[in-house]
Amino acid sequence: NDLLKASAPYYYTVFNPINAFLSRYINIQILLFGLYFIGNYLTFLMIFYISKILFNNNTVSLLSALLFLANKSALGQSTLFPDFSQRTIGLPLVLISIYLFLKNRHYLSMTVNGLVVIFHGWYGIFLFSLYFLYFIINYKRIGMFNLAKFLSLFLLFSSPLIIWKLLTPLDNPIFNVPDLL
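Residues numbered from 1 in each chain as written. Predicted model: local features only at pLDDT ≥ 70, side-chain atom pairs only at ≥ 80, totals over all residues. Heavy atoms only, no water.

1. Some thoughts on the overall build of the chain
Thinking step 1. Per the secondary structure count, the chain includes nine helices and zero strands.
Thinking step 2. Put simply, the chain runs from its N terminus to its C terminus through helices and strands in the order α-α-α-α-α-α-α-α-α.
Thinking step 3. Per-residue burial for the chain yields a buried fraction of 34% across its 181 residues.
Thinking step 4. Across the chain, the fraction of contacts at a sequence separation of at least 24, relative to all contacts at a separation of at least 6, is 64%.
Thinking step 5. Here the chain has roughly 11500 Å² of accessible surface; of this, 71% comes from carbon and sulfur atoms. (Helix = DSSP H or I, 4+ residues; strand = E, 2+ residues; numbered from the N terminus. Buried < 20%, exposed > 50% of the residue type's maximum accessible area, 1.4 Å probe, protein only. Contact = heavy atoms within 4.5 Å. Areas by Shrake-Rupley, 256 points an atom, 1.4 Å probe, with all protein chains shown as cover.)

Here it is, written out as structure tokens:
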């Protein structure tokens, strides 16, 4: 009666299968610590670079990255106990996508956003809706053809998760999983 194992088919992320595969070859504690360290490092690095774009000041950028340390819940952690989940990998990917978007590299930004959906669906869908709203508002400058390319690029890279969700029956919510009853 393992809750994580029983709910895995109804929890749409490739994070757990990738970790399960890698844990065959790498000790699970080392793997999770390494991913945790890389995720947090990339988060702080991207906070620094995004604030450098927005404020064009190294001092403000450094302060924003350091002040982000105080808010542990923003890292996908509880405030008392460290927690490692797909949010720890999803947040740096979201920040990379935002950074690329602010640098007007929309194709790469939509590609990374499609990968965000694979790791953490809610982060990616929310960010895509913000991007799409921006593209709709500025469609004359961007062009309808580029808008269609951005949409198709996002759908291409997020399609594994979308297909996985479509192949899973809707009448099996997590509360009706036989292994959990």
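2. Some points on the packing of aromatic side chains
Thinking step 1. Taken as a whole, this structure holds 13 aromatic pairs when the rule is applied.
Thinking step 2. Judged by centre distance (5.9 Å) and plane angle (45 degrees), the ring pair of Y49 and Y99 falls under tilted. Note that Y49 is positioned in helix α3 (residues 28-55) and Y99 in helix α5 (residues 86-102), a separation of 50 residues in sequence.
Thinking step 3. Of the residues examined, Y49 reaches a relative accessible area of 34% and is grouped as partly exposed. (Phe/Tyr/Trp six-rings, centres within 6.5 Å; stacked < 30°, edge-to-face > 60°.)

3. Quick word on the packing of α5 against helix α6 (residues 106-119)
Thinking step 1. Taken N-terminus to C-terminus, the directions of α5 and α6 make an angle of 165 degrees; their axes are 8 Å apart at the nearest point. The angle between the axes of α5 and α6 places the two elements in the roughly antiparallel class. In this structure, the crossing between α5 and α6 has a hand that is left-handed. Residues Q86, I89, G90, L93, V94, I96, S97, L100 and F101 of α5 form the contact with α6, whose own contacting residues are H106, L108, S109, V112, N113, V116 and F119.
Thinking step 2. Tallied by class, residues from the contact of α5 with α6 come to 10 nonpolar, six polar and no charged. (Axes fitted to C-alpha atoms, helices over the stretch in contact; angles between N-to-C directions. Parallel < 35°, antiparallel > 145°, perpendicular 65-115°, else oblique. Left-handed = near helix turned anticlockwise from the far one by under 90°. Nonpolar A, V, L, I, M, F, W, Y, C, P; charged D, E, K, R; others polar.)

4. Quick look at the nonpolar core
The nonpolar side chains of a soluble globular protein tend to be buried with one another.
Thinking step 1. L95, M110, Y131 and F135 are the most contacted members of the largest nonpolar core, which has 30 residues in total.
Thinking step 2. Among the secondary structure elements, those contributing two or more residues to this core are α3, α5, α6, α7 (121-137) and α9 (144-167).
Thinking step 3. In terms of residues, this core owes the most to one element, α5, which gives eight residues.
Thinking step 4. Sequence-distant contacts of L95, defined by excluding residues within four places in its chain, comprise T43, M46, I47 and I50. (Core = buried A, V, L, I, M, F, W, Y, C linked by side-chain atoms within 4.5 Å.)

5. Details of the side chain of S61
Thinking step 1. Looking at the secondary structure, you find S61 in helix α4 (residues 58-67).
Thinking step 2. Judged by its relative accessible area of 0%, S61 falls in the buried class.

6. Considerations on the side chain of N113
Thinking step 1. Structurally, N113 is set in helix α6.
Thinking step 2. Aside from chain neighbours lying at most four places away, what touches N113 is S97, G124, L127, F128, Y131 and F154.

7. Details of unusual backbone geometry
Thinking step 1. In this structure, N56 takes a positive phi of about 55 degrees despite not being glycine.
Thinking step 2. Residue placement: N56 occurs in the loop between α3 and α4.
Thinking step 3. For N56, a relative accessible area of 69% corresponds to the exposed category.
Thinking step 4. Positive phi, close to 60 degrees, is recorded for N104, a residue that is not glycine.
Thinking step 5. Of note, N104 is situated in the loop between α5 and α6.

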